[in-house]
Amino acid sequence: MARAIVQVPAQAKRGEIIEIKTLIGHTMETGFRHNDRGELIPRDIIRLFVCTYNGVEVFRAELHPAVSANPLLIFPTVATESGTLEFRWTGDNGFSAVRSAKVEVS
Amino acid sequence: MISRRAFLAAAGGAALAAAGAPARATQAAVDEAVRALTGGAEVRKGRVKLDVPPLIDNGNAVAAVVSVDSPMTEADHVRSIHLFAPGNPLPVMLGVFLGPRAGRARITTRLRVADSQTLSAIAQLSDGSFWSDSVSVVVTIAACTEDR
Amino acid sequence: MSVRLLLLLLLLAAAAARAEIPLAERRSGYAFMGRDTRAMQDDDAVNPATLWVLDGEELWRRKAGAAGESCADCHALERMRGVAARYPAVRGGELVSLEQQVNVCRVERQKARAFGYESRELLSLGALIGRQSRGMPIAVEMTPQTRPYLEAGRALFERREGQLNLACSQCHDERWGEKLGGAPIPQAHPTGYPIYRLEWQSLGSLERRLRNCMIGIRAEPYAWGAREAVELELYLMWRARGMPLETPAVRP
């Protein structure tokens, strides 16, 4: 299972803008490097990151090889209601990882 | 393995053509990428702020904060922000899609910058307009690595 | 050559050879990094090295080997505080690095196979154990036991090597703060190992970093875990004694 760190405040006030930090382990092989034998190492990257909030998409990112290894994405969202934030990364070679975090909104 | 610096050193040369990998995107590729986003609409400077260190410790991981001056309401918000690197093999680095649920148009990430160049960010607003910012960066090459 | 000229030359040579950095002027590699790289280290949530620390936590609890025991079965993680700050150390009459000590436990206590140098497991455990000493002063000391290894390590640090015929001390004692190809030369204190090196785009050990230095001066790197490598590490840690450990650090 891919390693990932997700930081979401456990509690927030309704309407408050909260900051979400996500970091996932992935080499993000660009497809432009060569191995010792001079052969091109094929591209292998995360292509898409989607964050949903109680099932509604609130943030999406399309990643290209220029995103650094172990991709970091920090983005805001409005704390609208208590519930679950789900984070999904997908990419080349069937890569898929999911994390979730709960937020209590009062 | 060809090191990043050997890769850059051969940029534009026959050796690189043989390797089959471009060191720098062509101007046509950059223009095409921007056109794919804007449909040829005007891109105005302003409202966007691309914050990248002018002098980079290592081109493998460049901290980038992009923000757009926008109320992020249903009526007036940022739909997307795209980052471009004309000096990289591929012109598009990242595209993020926001909307009023974001509350604020500001994202942070880390990017690979292949060589000293001018990076740019283009934001599309809910009214269909495009705004941009650009930053010139200098990439220094690390000493004492696996290759040299 | 006159005797006076010879004496003057010898005096200059001696002064240049012993240009050690005064204790109060020592600075971690952290001080030579840009603001954003430092921010990457300062926040565990954005430091990629944290991914290895998390792996380390899982490995710490995993039962292994014929003995079917985990690290946690013998060592409470809280009790590992201060350990990384004291390595390399003389254990059983021999100088060992922290990685080598982990493998001693693997083979002799857990009755499992040793982890390879620079393997993900060994790096993750190194990051986890090192993390327990974060903020603590590096505590490698000059004792009758460590002295011969320290002298050997110092000799390696001051010895010219490689096709470029350079000694570590020439860059890191005498020219720190100056530029090498656009990048500032740090003082070379191992204040945060294992580190997430931006150049590697991965976590790596002090030994890997030293190999990079040696390749940089076109010298043959020591074999993994070689006596010289551990003696040099010991000297570097002693040279950095008292400086706080930042493990796991980020470096360019």
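Residues numbered from 1 in each chain as written. Chains lettered and ligands numbered in written order. Predicted model: local features only at pLDDT ≥ 70, side-chain atom pairs only at ≥ 80, totals over all residues.

### Some details on the nonpolar core
Core analysis: the largest hydrophobic core is formed by 111 residues, its most contacted members being V62, F84, M93, L94, V113 and A123 of chain B together with L234 of chain C. Looking at this core, the element that brings in the most residues is helix α10 (residues 227-239) of chain C, giving seven residues. In terms of domain composition, this core takes at least three residues from each of domain 1 (27-37 + 137-251) and domain 2 (49-131) of chain C. (Core = buried A, V, L, I, M, F, W, Y, C linked by C-beta atoms within 7 Å. Buried ≥ 20, exposed ≤ 12 C-beta atoms within 10 Å, placed from the backbone. Helix = DSSP H or I, 4+ residues; strand = E, 2+ residues; numbered from the N terminus. Domains from an automatic or database assignment.)

### Some points on the interface of chain B and chain A
In this complex, chain B contributes 29 residues to the contact, which on the side of chain A involves 25 residues. Every element with two or more residues in the side of chain B that touches chain A is listed here: β6 (92-97) and β7 (105-111) of chain B. Among the residues forming the side of chain B that touches chain A, the class breakdown is 17 nonpolar, seven polar and five charged. As paired strands, strand β5 (residues 56-63) of chain A and β6 of chain B are joined by four bridges and run antiparallel to one another. In the sheet register, L63 of chain A faces β6 of chain B, and the bridge partner there is L94 of chain B. (Contact = placed C-beta atoms within 7 Å. Nonpolar A, V, L, I, M, F, W, Y, C, P; charged D, E, K, R; others polar. Pairing = 2+ DSSP bridges.)

### Here's the deal with the interface of chain C and chain A
Every contact between the two is made by eight residues of chain C and, on the other side, nine residues of chain A. Each residue belonging to the side of chain C that touches chain A can be placed in one class, and the counts come to five nonpolar, two polar and one charged.

### Digging into α10 of chain C
The periodicity of an α-helix, 3.6 residues per turn, causes residues three or four places apart in sequence to face the same way. Residues and elements named next belong to chain C. Over its 13 residues, α10 extends 18 Å from the first C-alpha to the last, a length consistent with the 18 Å expected when each residue adds 1.5 Å. Summarising burial for α10: 10 of the 13 residues are buried, a large majority. Every buried residue of α10 is listed here: A229, V230, E231, L232, E233, L234, Y235, L236, M237 and R239. In this structure, the buried residues of α10 make contact with β2 (94-96), α7 (147-158) and α9 (206-216). (Expected span 1.5 Å × (residues − 1).)

### Remarks on the sheet that holds strand β7 (residues 250-251) of chain C
By definition, the strands of a sheet pair up through backbone hydrogen bonds, in either a parallel or an antiparallel sense. The strand order across the open sheet formed by three strands is β6-β5-β7 (chain C), and the pairing between neighbours is mixed. For this open sheet the edge positions go to β6 (202-204) and β7 of chain C, each flanked by a neighbour on one side alone.

### So, the domain arrangement of chain C
All names here are of chain C. Domain boundaries in chain C define domain 1 (27-37 + 137-251) and domain 2 (49-131). Taken together, the contacts link 26 residues of domain 1 with 20 residues of domain 2. Only β6, α9 and α10 provide two or more residues apiece to the side of domain 1 that touches domain 2. Tallying contributions element by element places α10 first for the side of domain 1 that touches domain 2, with five residues. Grouping the amino acids of the side of domain 1 that touches domain 2 by side-chain chemistry returns 16 nonpolar, six polar and four charged.

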